[in-house]
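Chain by chain, the residues:
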Amino acid sequence: MINGKRGEEQLLSWLIQLFIIALFLILVLSFVKTAASGKLVEEQLSAKQIALLLDNAIPNTTLVINSNSIISIENNKVKVQAVKSATPYEYEFYSSYAVIPEKIKEGVYKLEIK
Amino acid sequence: MAQVLGEDVMLWIWRFLMIGMVLFGALIMVNSFYSNQDVRAAEALSISGRVLDCISDKGVVNPESIDADNLLKCTNINAGEIYINATLTSILVNKSASIGKEFELICGVKELEIKNKNIYCLRQKYYVVVENKSATLNLLVGINKVEKNV
């Protein structure tokens, strides 16, 4: 009777351990999946891509960008702020042409290079 | 009985500590791998192309355009982060101009294009024409921007 009770305790203990380990693994794998899909660096990627586009753009070019983040241009810096993010990600571009950003509608921005 | 339970608890803690360490290591590695995207190579190529377009007209270079003020006008760079050196070598004239922070020494010891942990260097050689004679134009672009890219 005592041995049986001890066996039950051990089985329960193992099950709890397995559950916790599986939970940890699921959390880590979901983080890896999010990181690998680029969601963690979405703002950064958008800012850098826009900066590179502006660096290579010639005057009288219009760029139309679809983005769920807020895009702005200030002092030769592209600022991209995701809805959930507290601060925008900034990246500098060197183009000397004037860039006029305009929000056409929700999620669509127009950048005119003059 | 109490002793057996104590051993169990110790084993629990030990096991979770080990698993925790492995998973924490994985998290750190994934985070460091995906946290920064290095775009300095594309940026350096873009700057190099712009400088070339600015100081040459269809491959013909006027030596007067190899000038720091002109380079600054061409690129509008942030001098603290980017360095540009243009060197024109021909039988008739040798001329060199630089703008930005001096990265030449760091880039000089490296080969054509090597990603350094600190500074990205791009060295390009163009064959151009100066007063109907062949010449070479060497462009060196060094980009710091470590915080945002590495």
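Please read all numbers here as calculations on a predicted model, not as lab measurements.

**Brief notes about the overall build of chain A**
Piece 1. Scanning chain A from terminus to terminus reveals two helices and six strands.
Piece 2. Moving toward the C terminus, one meets the helices and strands of chain A in the order α-α-β-β-β-β-β-β.
Piece 3. Taking 13 Å as the expected radius of gyration for a compact globule of 114 residues, we find that chain A reaches 25 Å, considerably beyond that expectation.
Piece 4. With the C-alpha coordinates aligned to their principal axes, the bounding extent of chain A is approximately 85 × 25 × 20 Å.
Piece 5. A separation threshold of at least 6 residues defines the contact pool for chain A, and within that pool the share at least 24 residues apart is 53%.

**Some points on the interface of chain B and chain A**
Piece 1. Each partner contributes to the interface: chain B provides 22 residues, whereas chain A provides 22 residues.
Piece 2. Among the elements of the structure, helix H1 (2–35) and helix H2 (40–55) of chain B are those that each provide at least two residues to the side of chain B that touches chain A.
Piece 3. Take the side of chain B that touches chain A: its biggest share by element is 11 residues, from H1 of chain B.
Piece 4. Of the residues contributing to the side of chain B that touches chain A, the split by class is 11 nonpolar, seven polar and four charged.

**Considerations on the domain arrangement of chain A**
Piece 1. In terms of domains, chain A is made up of domain 1 (1–37) and domain 2 (41–113).
Piece 2. Look at where the C-alpha atoms of domain 1 of chain A and domain 2 of chain A centre, and you get two points 46 Å apart.

**What to know about the sheet that holds strand E4 (residues 89–92) of chain A**
The pairing of strands in a sheet happens through backbone hydrogen bonds and is either parallel or antiparallel.
Residue and element names in this part refer to chain A.
Piece 1. One open sheet holds the three strands; their spatial order is E2-E3-E4, and the pairing between them is antiparallel. Edge positions in the sheet fall to strand E2 (70–74) and E4, since each of these pairs with one other strand and no more. Neighbour to neighbour, the strand axes of the sheet diverge by 20° on average, direction disregarded.
Piece 2. Bridge count between strand E3 (residues 77–81) and E4: four bridges; the pairing is antiparallel. By the bridge assignment, Val78 is partnered in E4 with Tyr91.
Piece 3. The strands that helix H2 (residues 42–56) touches are E2, E3 and E4; relative to E4, the one it contacts most, it runs at about 25°.

**Describing the sheet that holds strand E6 (residues 108–113) of chain A**
Residue and element names in this part refer to chain A.
Piece 1. Taken in spatial order, the three strands line up as E1-E6-E5 in an open sheet, and their pairing is antiparallel. In the strand order of this sheet, the two ends are held by strand E1 (61–66) and strand E5 (99–105), each with one partner. Between one strand axis and the next, the sheet turns through 20° on average, direction left out of account.

**Description of the pairing of E5 of chain A**
Residue and element names in this part refer to chain A.
Piece 1. Sparse coverage of E5 is indicated by the burial of zero of its seven residues.
Piece 2. Examined bridge by bridge, E5 and E6 share six bridges and lie antiparallel to one another. Looking at E6, one finds that Lys103 is bridged to Tyr109.
Piece 3. Turn length for the E5-E6 hairpin, with the two strands adjacent in sequence and antiparallel, is two residues, and the turn residue Gly107 shows positive phi of about 85°.

**Regarding helix H3 (residues 68–75) of chain B**
All names here are of chain B.
Piece 1. Those residues of H3 not exposed but buried are Leu71, Cys74 and Thr75. With its buried residues spanning 75° around the axis, H3 presents them on a single face.
Piece 2. Looking at the buried residues of H3, the elements they touch are H2, strand E3 (82–90) and strand E4 (94–100).
Piece 3. After H3 finishes, the residue Asn76 shows a positive phi value of roughly 55°.

Rules used in this analysis
- Residues numbered from 1 in each chain as written.
- Chains lettered and ligands numbered in written order.
- Predicted model: local features only at pLDDT ≥ 70, side-chain atom pairs only at ≥ 80, totals over all residues.
- Helix = DSSP H or I, 4+ residues; strand = E, 2+ residues; numbered from the N terminus.
- Rg over C-alpha atoms; globule rule 2.2 N^0.38 Å.
- Contact = placed C-beta atoms within 7 Å.
- Nonpolar A, V, L, I, M, F, W, Y, C, P; charged D, E, K, R; others polar.
- Domains from an automatic or database assignment.
- Pairing = 2+ DSSP bridges.
- Axes fitted to C-alpha atoms, helices over the stretch in contact; angles between N-to-C directions.
- Buried ≥ 20, exposed ≤ 12 C-beta atoms within 10 Å, placed from the backbone.
- Arc of directions from axis to C-beta.

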